[in-house]
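# Observations on the model geometry
Listed below, chain by chain, are the residues.
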Amino acid sequence: MTDTDDKLHDAGDDSDYELIHGDDSDDANDADYEFVHDDCEDSDHILSHRHKQNYTILGEADICQRQEESIVKISTVLSISWVAASILLRHYNWSVSKVLDGWFADEEKVRKDAGLLQKPVALPHGRDLTCGICFETYPSDRMSAAACGHGFCGSCWQGYISSAINDGPGCLMLRCPDPSCAAAVGQDIINLLASKDDKEKYNRYFLRSFIEDNWKTKWCPAPGCDYAVDFVVGSGSYDITCPCSYSFCWNCTEEAHRPVDCSTVATWILKNSAESENMNWILANSKPCPKCKRPIEKNQGCMHITCTPPCKFEFCWLCLGPWSDHGEKTGGFYACNRYETAKQVGVLDEAEKRREMAKNSLEKYTHYYERWATNQSSRQKALADLQQMQTMHLAKLSEKQRQPESQLKFILEAWLQIVECRRVLKWTYAYGYYLPEYEHAKRQFFEYLQGEAESGLERLHQCVEKELDVYLNVDGQLKDFNVFRTKLAGLTSVTRNYFENLVSALENGLSDVDTRGACSRTASSKSLGGGANSSKGKGDRGKGTTSRWSTSTRNLGDSGHWSCEYCTFANPKLATLCQMCQQRR
């Protein structure tokens with residue numbers, strides 16, 4: 001759509017700081033973390049984009065205001081009542097443009113579809129009327145009707161409205177109780193005749209419909225959260241961060257999972273909850289009784305298995321043959337060389353082959369799931385630590401170090417980076433599980449990038465979790481706190497670069513790996529790693545030349561010459577933090 005295209009914007013650089021060249025000494029133990037604010041000629045442009053969002057968070061007051069503005073606009077432009085305008089907007093899912101387009105194209109059709117009459121019919125006054133539901137006769141002042149003029153008594157209206165409201169949001173499209181009439185029942189009738197509880201429910205449905213019927217808005221899926229999101233469709237990333245601290249994907253409303261696509265996430269979640277893994281466990285860890293076929297799990301050391309009553313069949317766990325056939329000729333009562341022979345010559349039966357495949361599949365799933373779940377629990381712990389730092393420790397640290405809390409925001413930034421990196425790292429294990437086995441070069445490249453990112457994250461996490469305790473628990477002020485500040489800020493930036501590399505590579509489908517298993521890099525150094533070889537001075541940062549990492553004749557782990565494009569360090573003293581640089585040294 002053209003109105004959305006105008007709102008698209010380029011993603012800004014997530015780095016607040018940039019590494020600069022320090023002393024060229026080879027003493028790796030004196031690693032300096034030197035950072036300065038990016039003051040290059042286009043830094044203002046970059047930073048102006050950094051905090052732009054492609055979505056707007058809406059609270060209840062914001063929703064009410066937008067809802068009211070839409071109704072007033074339709075009422076003013078079409079010269080109709082507030083109630084009629086709200087009926088039209090609900091009919092067209094709160095789309096102002098669709099209401100206007102339909103109205104000016106064919107007003108009569110729109111009125112008929114929405115249940116709006118051209119000329120409202122008033123109840124006759126001064127005489128008794130018969131209710132169309134209970135057929136009792138009442139004075140006209142005790143009867144009420146919609147714009148169609150079909151009168152019903154107050155108690156019948158109240159019962160009709162209450163029944164519709166208790167049935168759910170469909171009450172917003174309520175029509176006249178007369179079976180032959182399609183006139184819409186507006187909010188004026190609800191406010192006049194419904195009970196207090198029913199009014200509250202109706203108004204709640206009315207408010208929620210503005211979000212739920214609009215394809216550009218959604219509620220935050222976190223339990224108990226009342227915030228909604230207005231999203232600029234087609235603007236890039238689907239990741240949403242709600243003020244309630246929950247991050248989710250706009251497209252599938254699952255937890256935010258960049259760089260993994262929604263289909264992979266859905267498959268992974270289904271696999272975690274489905275019965276398929278139970279069957280894999282049964283196949284991998286049990287065998288059917290040769291007689292009654294019930295699955296049996298071996299719980300003792302010997303191979304002599306006795307099935308439970310009433311079967312009580314005795315057999316060998318290895319070859320599933322009757323135990324009576326096992327003696328000295330078959331290797332003794334606690335060994336069965338028939339199975340080993342069959343295994344060696346490759347003549348295992350189909351059941352045994354399936355069992356081996358199930359065992360391998362289960363081991364692979366367990367490997368990735370354990371790491372997925374562990375990073376999730378680490379992320380939850382990091383969130384708790386971040387909250388504790390904000391509410392308790394920051395003020396304590398400010399008092400001990402005699403620095404304002406505004407100067408300690410680098411600690412919160414480190415914790416926020418850890419929380420985000422744990423989320424990304426968690427989903428990379430789901431990505432790795434579904435990476436095809438035959439893609440050996442891609443898998444090797446993926447595991448390298450993942451390992452570098454994970455190693456950087458562990459350094460950052462340990463620094464903010466362990467080293468910070470020294471400054472929190474010490475009595476008095478420590479003079480080397482500024483050294484810690486520089487180190488932590490440096491690790492935060494370095495870790496951010498590592499994960500930007502990883503995310504970028506996965507979102508590109510690891511396209512940097514060619515068909516020969518080589519990693520051919522022709523993109524700029526900024527696109528994957530921050531450019532160790534590109535920084536030539538303060539004014540040239542972010543504008544380095546392209547570099548190339550060629551491993552066409554060597555695997556990633558082999559020794560040899562490395563141009564180390566993926567090293568994110570501009571300061572040579574920081575090279576000890578990069579595994580690739582360690583190999584070079």
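Reading guide: rules and limits
- Residues numbered from 1 in each chain as written.
- Predicted model: local features only at pLDDT ≥ 70, side-chain atom pairs only at ≥ 80, totals over all residues.
- Heavy atoms only, no water.
- Helix = DSSP H or I, 4+ residues; strand = E, 2+ residues; numbered from the N terminus.
- Buried < 20%, exposed > 50% of the residue type's maximum accessible area, 1.4 Å probe, protein only.
- Areas by Shrake-Rupley, 256 points an atom, 1.4 Å probe, with all protein chains shown as cover.
- Contact = heavy atoms within 4.5 Å.
- Axes fitted to C-alpha atoms, helices over the stretch in contact; angles between N-to-C directions.
- Parallel < 35°, antiparallel > 145°, perpendicular 65-115°, else oblique.
- Left-handed = near helix turned anticlockwise from the far one by under 90°.
- Nonpolar A, V, L, I, M, F, W, Y, C, P; charged D, E, K, R; others polar.
- pLDDT = per-residue confidence, 0-100.
- Salt bridge = Lys/Arg side-chain N within 4 Å of Asp/Glu carboxyl O.
- Core = buried A, V, L, I, M, F, W, Y, C linked by side-chain atoms within 4.5 Å.
- Phe/Tyr/Trp six-rings, centres within 6.5 Å; stacked < 30°, edge-to-face > 60°.
- Lys NZ or Arg CZ within 6 Å of the ring centre and 35° of its normal.
- Disulfide = S-S within 2.5 Å.
- Pairing = 2+ DSSP bridges.
- Expected span 1.5 Å × (residues − 1).
- Polar contact = N/O pair within 3.5 Å; in protein donor to acceptor, adjacent residues only side chain to side chain.

## Some details on the overall build of the protein
For the protein, the helix and strand inventory stands at 17 helices and 15 strands. Buried residues in the protein amount to 44% of all 585 residues. Summing over all exposed atoms, the protein offers an accessible surface of approximately 31,100 Å²; the carbon and sulfur share of this is 50%.

## A short note on the environment of P243
Turning to its location among the elements, P243 is positioned in the loop between β10 (239–241) and β11 (247–249). Along the chain, P243 and Y227 lie 16 residues apart, while their C-alpha atoms are 7.9 Å from each other. Dropping the residues within four chain positions of it, P243 is found in contact with I57 and Y227.

## A few points about the packing of helix α7 (residues 154–167) against helix α9 (residues 196–212)
How two helices pack is summed up by the angle between their axes together with the distance between the axes. Remark: α7 packs on α9, axes separated minimally by 10 Å, with the N-to-C direction vectors making an angle of 45°. The orientation of α7 with respect to α9, classified from their angle, is oblique. The handedness of the crossing between α7 and α9 is left-handed. Across the interface between the two elements, S162, I165 and N166 of α7 pack against D198, K201, Y202 and Y205 of α9. Of the residues in the contact of α7 with α9, the class split is three nonpolar, two polar and two charged.

## Describing the confidence of the model for the protein
Confidence in the prediction of the protein, expressed as mean pLDDT, is 74, and 71% of residues score 70 or more. Counting interchain partners and residues more than four positions distant, the pLDDT-below-50 stretch residues 1–51 has 94 contacts. Taken as a whole, residues 515–585 scores under 50 in pLDDT and shows 154 contacts with residues more than four places along the chain or in a different chain.

## A word on the pattern of salt bridges
Throughout the structure, instances matching the rule amount to 14 salt bridges. Via salt bridges that share partners, D239, E420 and R423 belong to a single interconnected network.

## A look at the nonpolar core
Buried together is how nonpolar side chains tend to be arranged in soluble globular proteins. Residues I63, I74, L78, I80, L88 and I161 are the most contacted members of the largest nonpolar core, which totals 55 residues. Within the residue set of this core, elements represented by two or more residues are α3 (60–78), α4 (82–91), α5 (96–105), α6 (107–114), β7 (152–153), α7, α8 (187–193) and α9. The biggest single contributor to this core is α4, with six residues. Not counting the four nearest positions on each side in its chain, I63 is found in contact with L58, L207, F210, I211, W219 and A228.

## Description of the environment of C302
The topology assignment puts C302 in the loop between β13 (295–297) and β14 (304–306). C-alpha separation for the pair C302 and C316, spaced 14 residues apart in sequence, amounts to 9.2 Å.

## Digging into the side chain of T492
Inspection of the secondary structure puts T492 in helix α16 (residues 481–507). T492 has contacts with E413, A414, Q417 and L460, leaving out every residue within four places of it along the chain.

## Notes on the packing of helix α15 (residues 440–473) against α16
Relative to each other, α15 and α16 sit at 155°, their axes nearing to 9 Å. It follows from the interaxial angle that α15 and α16 lie roughly antiparallel. α15 and α16 meet at a crossing whose hand is left-handed. Looking at the contact of α15 with α16 residue by residue, the classes come out as 18 nonpolar, four polar and four charged.

## Some points on the packing of aromatic side chains
Counted by the stated rule, this structure contains 27 aromatic pairs. With centroids separated by 6.3 Å and ring planes inclined at 15°, the aromatic side chains of Y246 and F248 adopt a geometry described as stacked. Residue class for Y246 comes out partly exposed when judged on its relative accessible area of 28%. One aromatic cluster is present, built from ring pairs that chain together W268, Y365, Y368, Y369, W372, W427, Y429, Y433 and Y434. The positively charged end of R208 is found above the aromatic ring belonging to W219, 4.4 Å away from the centroid.

## Some remarks on the state of the cysteines
As enumerated under the stated definition, the model contains zero disulfides in all. With no disulfide partner, C220 has as its closest neighbouring cysteine sulfur the one in C242, 3.7 Å distant. A relative accessible area of 5% places C220 in the buried class.

## Some words on the sheet that holds strand β9 (residues 228–231)
Either a parallel or an antiparallel arrangement is found when strands of a sheet pair, and the pairing is made through backbone hydrogen bonds. Across the sheet, three strands lie side by side as β3-β9-β8; this open sheet has antiparallel pairing. Only two strands of the sheet have a single neighbouring strand rather than two, namely β3 (55–58) and β8 (217–219). Each strand of the sheet is rotated relative to its neighbour by a mean of 25°, with strand direction disregarded. Here four bridges tie β3 to β9, and the two strands are oriented antiparallel to one another.

## Re helix α14 (residues 409–434)
Between its first and last C-alpha, α14 extends 39 Å over 26 residues, near the 38 Å set by a 1.5 Å rise per residue. Among the 26 residues in α14, 21 count as buried, and that is most of the element.

## Here we look at the side chain of S86
Along the chain, S86 turns up in helix α4. Among the residues examined, S86 registers a relative accessible area of 0% and is labelled buried. Engagement of the side chain of S86 in a polar contact is seen with the backbone oxygen of V83, the distance being 2.7 Å. When neighbours within four sequence positions are excluded, S86 is seen to be in contact with I71 and F206.

## So, the pairing of β9
On β9, burial covers both faces: A228 and D230 on one face and V229 and F231 on the other are all buried. Here β8 pairs with β9 via three bridges, running antiparallel. Across the sheet, T217 pairs through a bridge with D230, a residue of β9.

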